[in-house]
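# Summary of the model geometry
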Amino acid sequence: MGRPLFYDIIEKPATSCIITICSLIWFVIQKKSVGYSQVGLSYETASEGHYWRMITSAFSHISVLHLVFNMSALWSLGVVEQLGHVGLGTAYYLHYTLVLVVFSGVLVIGIYHLLIARFKIDYFRRVTAVGYSCVVFGWMTILSVKQPSSKLDLFGLLSLPISFAPFESLIFTSIIVPQASFLGHLSGILVGYAISWGLIGGMNNYWALTMLGWIIVVFVFSLKKSGAYDFSFLQIESLTDASLPSVRFIGNGRTLQASAVPLSGVEVV
């Protein structure tokens, strides 16, 4: 008799929560018949200021097979939470999951920009990415550097040496699932190496909470500004000085003015 699943859930709390969130989002997407174009991230939507899609695209899955593959791999990679004794652990996992979600999204848009602007390949203008694969590939890469003797178990049937898993999975998914985002997966791998080699580091609770706060601000403002969702309590007003956006919270009559570049001028490249 194997070990009860309950104990693994207790030892992988962050992984278990993320899997639950992705599964619930998939259920809602199926229930409401939401399509790729409504939650996915593309160069075109990013250039229109839909920065909120960097978050919705990461946690959304349209196909049940896509969801099962990503969550199966993520569950195996959740071993990172059990490696606190070697400098990893749950806090490390949460901090760098945040980094992977944001940086891999920014990087893939940057690659699209290069291909469109430099090489004139307009095909990538409307390519829409969706799914948690960027983060999954990022954690494969981090684990392959920090714990090369580990194994990656998929569906409880297939076991891959973690040291080769990122590129094996990259090639495997590209062959088996032609519509899989090769550049999206590659972005996750590159950010994973940057984290593993210390090029992106120094994350702690303070910086993680600061980063999360800015993500929430950008998410809400871009959602409002793009017209995708109407926050009735929030209005973005134009000022004479365009570099100082005015934000009005309806109900108390107060206006907050922040010294920041307006979201409409931000370039995700």
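Residues numbered from 1 in each chain as written. Predicted model: local features only at pLDDT ≥ 70, side-chain atom pairs only at ≥ 80, totals over all residues. Heavy atoms only, no water.

### Observations regarding the overall build of the chain
For the chain, the count of helices and strands is eleven helices and five strands. Per-residue burial over the chain gives 44% buried out of 269 residues. The contacts of the chain with a sequence gap of at least 6 include a subset with a gap of at least 24, amounting to 66%. As displayed, the chain offers around 14,500 Å² of accessible surface, 66% of which is attributable to carbon and sulfur atoms. (Helix = DSSP H or I, 4+ residues; strand = E, 2+ residues; numbered from the N terminus. Buried < 20%, exposed > 50% of the residue type's maximum accessible area, 1.4 Å probe, protein only. Contact = heavy atoms within 4.5 Å. Areas by Shrake-Rupley, 256 points an atom, 1.4 Å probe, with all protein chains shown as cover.)

### A look at the environment of S33
Turning to its location among the elements, S33 is positioned in the loop between α2 (13-31) and α3 (36-39). Spatially, the C-alpha atom of S33 lies 9.3 Å from that of I62, the residues being 29 residues apart in sequence.

### Some remarks on the UniProt feature "transmembrane region" (unreviewed entry) in the chain
In the numbering used here, UniProt assigns the feature "transmembrane region" (unreviewed entry) to residues 12-29, 50-73, 93-116, 123-142, 154-175, 182-200 and 206-223. Spanning residues 93-116, this segment combines 100% helix with 0% strand, and its end C-alpha atoms are found 34 Å apart. End C-alpha to end C-alpha, residues 206-223 measures 26 Å, and it is 100% helix and 0% strand. (UniProt positions renumbered as here; feature names shortened; annotations may be inferred.)

### As for helix α10 (residues 182-196)
The end-to-end C-alpha distance of α10, which contains 15 residues, comes to 21 Å, matching closely the 21 Å that a straight helix rising 1.5 Å per residue would cover. Most of α10 is tucked away, with twelve of its 15 residues classed as buried. Residues L183, G184, H185, S187, G188, I189, V191, G192, Y193, A194, I195 and S196 constitute the buried set of α10. Turning to α10, the residues buried within the fold contact α7 (90-117), α8 (133-146) and α9 (165-176). A positive phi of about 80° marks G198, the residue just after α10. (Expected span 1.5 Å × (residues − 1).)

### A word on the packing of α2 against helix α6 (residues 64-77)
One can describe the packing of α2 onto α6 by two numbers: an axis separation of 10 Å at closest approach and a directional angle of 175°. It follows from the interaxial angle that α2 and α6 lie roughly antiparallel. Seen from α2, the contacting residues are T15, S16, I18, I19, C22, S23 and W26; seen from α6, they are V64, L67, M71, L74 and W75. Broken down by class, the residue content of the contact of α2 with α6 amounts to nine nonpolar, three polar and no charged. (Axes fitted to C-alpha atoms, helices over the stretch in contact; angles between N-to-C directions. Parallel < 35°, antiparallel > 145°, perpendicular 65-115°, else oblique. Nonpolar A, V, L, I, M, F, W, Y, C, P; charged D, E, K, R; others polar.)

### A word on the pattern of salt bridges
Taken as a whole and judged by the stated rule, the model has two salt bridges. E44 serves as the salt-bridge partner of R126, at 3.4 Å between the closest nitrogen and oxygen. Within this pair, whereas R126 is found in the loop between α7 and α8, its partner E44 is found in helix α4 (residues 43-47), the two being separated by 82 residues in sequence. Overall, R126 belongs to the exposed group, its relative accessible area being 58%. The exposure class assigned to E44 is partly exposed, which follows from its relative accessible area of 26%. Linking R125 and D122 is a salt bridge whose minimum nitrogen-to-oxygen distance equals 3.5 Å. Residue classification places D122 among the partly exposed residues on the basis of a relative accessible area of 48%. (Salt bridge = Lys/Arg side-chain N within 4 Å of Asp/Glu carboxyl O.)

### Points about the packing of α8 against α9
Each pair of packed helices can be described by the angle between their axes along with the distance between the axes. Here α8 crosses α9 at 150°, and the two axes come no closer than 8 Å. For the element pair α8 / α9, the angle class is roughly antiparallel. Where α8 approaches α9, its residues F137, M140, T141 and S144 are matched on the opposing element by A165, P166, S169, L170 and T173. A breakdown of the residues in the contact of α8 with α9 according to their chemical character gives five nonpolar, four polar and no charged.

### Some words on the nonpolar core
With 47 residues, the main nonpolar core has Y132, W139 and I195 as its most contacted residues. In terms of residue count, the dominant contributor to this core is α7 (eight residues). Not counting residues within four places of it along the chain, the set of residues in contact with Y132 comprises I18, C22, A58, F59, H61, N70, M71, L74 and T97. (Core = buried A, V, L, I, M, F, W, Y, C linked by side-chain atoms within 4.5 Å.)

### Some details on the environment of M211
Following the sequence through the fold, M211 ends up in helix α11 (residues 205-225). For M211, a relative accessible area of 16% puts it in the buried group. Taking C-alpha positions, M211 is 8.1 Å from L98, a pair spaced 113 residues apart along the chain. In this view, M211 contacts L98, V99, V102, F103 and M203; residues no more than four positions away in its chain are not counted.

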